[in-house]
Amino acid sequence: MDRTILVTGGAGYIGSHTALALLEAGDRVVIADNLVNSSKQSIAAVERLTGATIEFAEVDLTDRDQTRELFDTYPVEAAIHFAGLKAVGESTEKPLLYYRNNLLSTINLLEEMAAHDVFQLVFSSSATVYGDPEILPIPEGAATGPTNAYGRTKLMIEDICRDVAAADPRWQISLLRYFNPVGAHQSGDIGEDPNGIPNNLVPYVMQVAVGRREKLSVFGGDYDTHDGTGVRDYIHVIDLAAGHLAALDHLPEGCREYNLGTGSGASVIDVVKAAEAVSGKEIPYEIVGRRTGDIATSLADPQRANDELEWRADRSIDAMLTDAWRWQSKNPEGYPRDDA
Ligand code: UD1
């Protein structure tokens, strides 16, 4: 409330929804984004929806000078750090790109925050840090062990945050481990707009529903789950955005991890059926082989976030798909191109 919050990666999917929630709560928002996997159109849409103005800086956080200038220009009081590369498959092919981009940007951000006396940070981590989980639902104390370069960048950034917080008591850092964010703002004016062929299930299903793709490949039908397909803890992006505001309002002393999920799961087939019901479209699918690195089931234990952040994700899978479908049907090709 009435704070100036830096949102790195704020033009992206989760960042834009969080920027909107911050503006609705009365905060001022500075977005820093290099626009490699996002659109300025999302910022324009958030401004239209809220009637507020966003300060936008096209910044590459891997550039120390640009990062310094950002903090020299804006009176930032806290940061939410979303910016980063996030495609698992690409991270396997180009690991150094992922390590350079995700780690260097975070180190520059932390150094310039400290140099400008800003010590409040919310970091966009991922349930991917747990790898193949030992216990379900997964508590924050479970063992970590990401299985790809992308996931390792998330865990390394968490380690960096734990180390800086241990070295300087002024830091207050929340590491938010998201489960599977889906859905869109209820206006249908902002949503997820992946480049190229979607890697993730819900954007792919939506593109089949809208007629951009012929059929879904279901990666594996022989998992040990209720129908043989993978089970995930899908969380509505609006609930997730609210989780960031709750984290800012309840920052820990030092550094602390929080799972952001619902605690209940849906299989690939459950998602397909729910998407058919809300869209009124048939979603043809074919069961194919498992995707390398996938696990049977991922489920959050969100108790710590429920208790300490006073936050709960309660939107249903039907609400998630209804809102995802509204966005997809209003914007079948995603955002218009920035240069159009
Ligand atoms: C994936 C990433 C994870 C990342 C998250 C971001 C992998 C292995 N994991 O999680 O690191 O943090 O996205 O949201 O990529 N599925 C299909 N067909 C498809 C796409 C997906 O059957 O075309 C299935 C998957 O096998 C899985 C479920 O749908 O069972 C969800 O997949 P996805 O949306 O890609 O998320 P995750 O794999 O859980």
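Structure: above.
A brief look at the structure comes next. Fair warning: this is a prediction, and the values are worked out from it, not measured in the lab. (Residues numbered from 1 in each chain as written. Predicted model: local features only at pLDDT ≥ 70, side-chain atom pairs only at ≥ 80, totals over all residues. Heavy atoms only, no water.)

### Quick notes on the pairing of strand 3 (residues 55–58)
(1) Moving on: Here strand 2 (residues 28–33) runs beside strand 3; their pairing, made up of 4 bridges, is parallel. Paired with Ala32 across the strands is Ala57, a residue of strand 3.
(2) Moving on: Once the chain exits strand 2 it traverses helix 2 (residues 40–50) before rejoining the sheet at strand 3, and the crossover so formed is right-handed. (Pairing = 2+ DSSP bridges. Helix = DSSP H or I, 4+ residues; strand = E, 2+ residues; numbered from the N terminus. Right-handed = clockwise from strand over helix to strand, strands pointing away.)

### Focus on the site of the ligand
(1) Moving on: Neighbouring the ligand are 18 residues, the closest being Leu201, Ser217, Arg232, Arg291 and Asp294.
(2) Moving on: For the ligand, an oxygen atom lies 2.8 Å from a polar atom in the backbone of Leu201.
(3) Moving on: Asp294 has a polar side-chain atom sitting 2.6 Å from an oxygen atom of the ligand.
(4) Moving on: Protein coverage of the free-state accessible area of the ligand, which is 730 Å², stands at 87%.
(5) Moving on: When residues in the shell around the ligand are grouped by element, the largest group, 4 residues, is from strand 8 (residues 216–219).
(6) Moving on: Across the shell around the ligand, the residue classes break down as 8 nonpolar, 7 polar and 3 charged. (Near = heavy atom within 4 Å. Polar contact = N/O pair within 3.5 Å; in protein donor to acceptor, adjacent residues only side chain to side chain. Areas by Shrake-Rupley, 256 points an atom, 1.4 Å probe, with all protein chains shown as cover. Nonpolar A, V, L, I, M, F, W, Y, C, P; charged D, E, K, R; others polar.)

### Examining the pattern of salt bridges
(1) Moving on: Taken as a whole and judged by the stated rule, the model has 26 salt bridges.
(2) Moving on: Notably, a salt bridge pairs Glu158 with Arg177, separated by 2.7 Å at the nearest N-O pair. Of this pair, Glu158 sits in helix 6 (residues 149–167) while Arg177 sits in strand 6 (residues 172–178), placing them 19 residues apart in sequence. By the burial criterion, Glu158 is buried, and Arg177 matches it.
(3) Moving on: The partner of Glu308 in a salt bridge is Arg256, with the nearest N and O atoms 2.8 Å apart. Separated by 52 residues along the polypeptide, Glu308 in helix 10 (residues 303–308) and Arg256 in strand 11 (residues 254–260) bring together distant segments of the chain.
(4) Moving on: The class of Arg256 is partly exposed, set by a relative accessible area of 28%. (Salt bridge = Lys/Arg side-chain N within 4 Å of Asp/Glu carboxyl O. Buried < 20%, exposed > 50% of the residue type's maximum accessible area, 1.4 Å probe, protein only.)

Keep in mind these values describe shape, not function.
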